[in-house]
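Structural description and commentary
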Amino acid sequence: MGLFQKLKEGLFKTQSKLAHEIKRIVTASPKLTSGGLDELEAALIAADLGLAMTAQIVAAVKHSYETQGRAGLDVFAIARAEVERSLAGAAGDLRRLPDGVTVVSLVGVNGTGKTTTAAKLAHLVQSRGQTALLAACDTFRAAAVEQLKLWGERLKVPVVAGARGADPASVAHDSIAAALARKSDYLFIDTAGRLHTKHNLMKELQKVHRVMDKKLPGAPHETLLVLDASTGMNALTQAREFNKSVPLTGLVITKLDGTSKGGMVIAIQRELGLPVKFIGVGEKPDDLQPFDAKQFAQALFDER
Ligand SMILES: Nc1nc2c(ncn2[C@@H]2O[C@H](COP(=O)(O)OP(=O)(O)OP(=O)(O)O)[C@@H](O)[C@H]2O)c(=O)[nH]1
Ligand SMILES: [Mg+2]
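Procedures and definitions
- Starting from 1, residues in each chain are numbered consecutively following that chain's sequence as written.
- All chains are assigned letters beginning with A, and all ligands numbers beginning with 1, in the order in which they are written.
- Owing to the predicted nature of the model, reporting of local features is limited to residues with pLDDT of at least 70; listing and counting of side-chain atom pairs is limited to 80 or more, with chain, interface and lining totals taken over all residues.
- Side-chain metrics rest on all non-hydrogen atoms present in the structure, leaving aside hydrogens and water.
- Neighbouring residues are identified by heavy atoms, a residue being near a molecule or strand if any of them is within 4 Å of it.
- In protein, a polar contact means a hydrogen-donor-capable atom and an acceptor-capable atom, both N or O and within 3.5 Å, with residues adjacent in sequence counting only if both atoms are side-chain atoms; elsewhere, any N or O pair within 3.5 Å suffices.
- In these tables, accessible area is a Shrake-Rupley quantity obtained with a 1.4 Å probe, and a residue counts as shielded only by the protein chains included in the view.
- Secondary structure elements are taken from DSSP: a helix is a run of H or I of four residues or more, a strand is a run of E of two residues or more, and numbering for both begins at the N terminus.
- Put simply, Ala, Val, Leu, Ile, Met, Phe, Trp, Tyr, Cys and Pro go in the nonpolar bin, Asp, Glu, Lys and Arg in the charged bin, and everything else, Gly too, in the polar bin.
- Every case where a carboxyl oxygen of Asp or Glu lies within 4 Å of a side-chain nitrogen of Lys or Arg is listed as a salt bridge.
- Summary of the burial criterion: residues with accessible area below 20% of their type's maximum are buried, those above 50% are exposed, and those between are partly exposed, where the area comes from a 1.4 Å probe applied to protein chains only.
- Strand pairing is assigned whenever DSSP identifies at least 2 bridges connecting the two strands.
- Lines fitted to C-alpha atoms define the axes, with helix axes restricted to the stretch in contact, and inter-axis angles between N-to-C directions lie between 0 and 180 degrees.
- Residues are treated as being in contact if the distance between any of their heavy atoms lies within 4.5 Å.
- Working definition of a nonpolar core: buried Ala, Val, Leu, Ile, Met, Phe, Trp, Tyr and Cys residues. They are joined through side-chain atoms within 4.5 Å.
- For classification, angles of less than 35 degrees are called roughly parallel, those exceeding 145 degrees roughly antiparallel, those between 65 and 115 degrees roughly perpendicular, and all remaining angles oblique.
- In this scheme the crossing of two helices becomes right-handed for a clockwise turn of the near helix relative to the far one and left-handed for an anticlockwise turn of less than a right angle.
- Under the convention used throughout, the expected extent of a helix is 1.5 Å for every residue step, that is, one less than its residue count.
- Arc definition: directions from the helix axis to the C-beta atoms.
- Here, the term right-handed applies to a crossover whose path from the first strand over the helix to the second runs clockwise when the strands point away from the viewer.
- Two rings from Phe, Tyr or Trp (for Trp, the six-membered ring) form a pair when their centres sit within 6.5 Å of each other. Planes less than 30 degrees apart are called stacked, planes more than 60 degrees apart edge-to-face, and all others tilted.
- Only when the NZ atom of a Lys or the CZ atom of an Arg is both within 6 Å of the ring centre and within 35 degrees of the ring normal do we say a charge sits over the ring.

**Focus on the site of ligand 1**
The environment of ligand 1 is formed by 19 residues, the closest being Lys-114, Thr-115, Thr-116, Asp-257 and Glu-283. At 2.7 Å from an oxygen atom of ligand 1 is found a side-chain nitrogen or oxygen belonging to Lys-114. Contact with the protein chains removes 81% of the 650 Å² of surface that ligand 1 exposes when unbound. Residue contributions to the shell around ligand 1 peak at 4 residues, all from helix α6 (residues 114-127). Classifying every residue of the shell around ligand 1 by side-chain character gives 1 nonpolar, 11 polar and 7 charged.

**Re the pattern of salt bridges**
Charged atoms that come close allow side chains of opposite charge to pair. With the rule as written, the count across this model stands at 17 salt bridges. The salt bridge partner of Glu-39 is Arg-24, with a shortest N-O separation of 2.8 Å. Of this pair, Glu-39 sits in helix α3 (residues 34-46) while Arg-24 sits in helix α2 (residues 12-28), and the two are 15 residues apart along the sequence. Look at Arg-24 and you get partly exposed, because its relative accessible area is 36%. Connected via shared salt-bridge partners are Lys-6, Lys-284 and Asp-287.

**Details of the sheet that holds strand β5 (residues 222-228)**
If you walk across this open sheet you meet the 8 strands as β3-β2-β4-β1-β5-β6-β7-β8, and the pairing is mixed. Of all strands in the sheet, those with a lone pairing partner are β3 (159-161) and β8 (288-290), marking the two edges. Averaged over all neighbouring strand pairs, the angle between strand axes comes to 25°, with direction disregarded. In terms of strand pairing, strand β6 (residues 250-254) meets strand β7 (residues 276-280) through 3 bridges, oriented parallel. Counterpart to Leu-251 in the pairing with β7 is Val-276. Sitting on the sheet, helix α8 (residues 168-182) touches β1 (102-107), β2 (132-137), β3 and β4 (186-191), and the angle it makes with β2 is about 165°. Running at roughly 155° to β5, helix α10 (residues 234-245) makes contact with β1, β5 and β6 of the sheet.

**Remarks on the nonpolar core**
The biggest cluster of nonpolar side chains holds 58 residues, and the ones touching the most others in it are Ile-253, Phe-296 and Phe-301. In terms of nonpolar packing, the next biggest core, distinct from the first, is built from 24 residues, Leu-148, Tyr-186, Val-226 and Leu-288 among them.

**Regarding the packing of helix α5 (residues 75-87) against helix α11 (residues 264-272)**
At a minimum axis separation of 10 Å, α5 and α11 run at an interaxial angle of 30°. Relative to α11, α5 is oriented roughly parallel. Relative to α11, the crossing made by α5 is left-handed. For the pair α5 and α11, contact is made by Val-83, Ser-86 and Leu-87 and by Ile-266, Gln-269 and Arg-270, respectively. Here the contact of α5 with α11 is composed, by residue class, of 3 nonpolar, 2 polar and 1 charged.

**Brief notes about helix α9 (residues 199-215)**
Across its 17 residues, α9 extends 25 Å between first and last C-alpha, which sits within 8% of the 24 Å expected from 1.5 Å per residue. Along α9, the residues that are buried comprise Met-202, Leu-205, Val-208, His-209 and Met-212. Projected down its long axis, α9 carries its buried residues within an arc of 110°, all on one side. In this structure, α9 carries His-199, Asn-200, Arg-210 and Lys-214 as exposed residues pointing more than 90 degrees from its buried face. On the buried face of α9, the contacting elements are β1, α8, β4, β5 and α10.

**Regarding the pairing of β7**
Most of β7 is tucked away, with 5 of its 5 residues classed as buried. In this fold, β6 hands off to α11, which returns the chain to β7; that crossover is right-handed. Here β7 runs beside β8; their pairing, made up of 3 bridges, is antiparallel. Pairing of Ile-279 across the sheet is with Gln-289, part of β8.

**Some words on the packing of aromatic side chains**
The geometry of an aromatic ring pair is captured by two quantities: the separation of the ring centres and the angle between the planes. Applying the stated criterion to the full structure yields 2 aromatic pairs. Ring geometry for Tyr-186 against Phe-188: centres 5.6 Å apart, planes inclined by 10°, an arrangement best described as stacked. We note that Tyr-186, like Phe-188, is buried. Sitting over the face of the ring of Tyr-186, Arg-96 holds its NZ or CZ atom 5.5 Å from the ring centroid.

Note that every value here comes from positions in space, so none of it alone points to a role or purpose.
Okay, here's the thing in structure tokens:
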């Protein structure tokens, strides 16, 4: 299946709900009434596109209707164009150092998809002919190390792990040594889930990063905050708080396939000024895509 097809399938819940609403609104009356515009606004907000993006689309639809009339009105095309315009060519991907190992740390609250994303990213770079190493720095949760090891076996990616309850910073340190020895292109650090409100756990994360930087100056080169799409705008708080403890270089938004609120990808990118680098559209290794604003807009506002 092509990337775009997969994106469309992943966004199905959000897309089908939006398409249904938009079609209902434009066919409800031969005129576009202010009631119709209110309903359009409600549908866009329900999909979590955010107030600013919603207002922009509604204004563009109103303008088009007033200047070209009902016959020339294409709400889907307008919405696609406005989303694209507002994200102006935003496209995600991983940083790659010209030489040496590129270290990527995956951070976030519990259960957002960090471990799965670390594995998917290893798979992605392997599919590009680059080598990867995974580090099991979640030494806290029972079975977390086993979970990553299983992924490693499945994807044929080596995994560096310490003993249960080991200091995550020491595992991170050892994994950098291993990546350097193996001359890996990428090292993906799977960290334990933690609430941004837990001061001691955020301190621990800072320590993990500090130790990495000591072992390999500049590491981690990417710090990606993994967010669950279904958390909606609470993701903003998570991003702001994590960013205070460990400077983020980008976001990964997972589980888009499980929500009808996929518009949050757009809202969050606009609000935070941090790039959405990848989106997760399923549980399989292939279900992670670099974010592409244009394709995202096309898949989201598809008429089908
Ligand atoms: N449908 C769907 N499920 C996902 C996606 N990404 C992750 N998951 C699932 O979400 C669940 C949690 O994923 P993990 O990768 O274990 O999450 P985590 O952030 O490592 O969790 P903790 O380590 O406990 O904080 C698993 O069942 C994954 O298969 C996605 O894009 N789509
Ligand atoms: Mg995990």
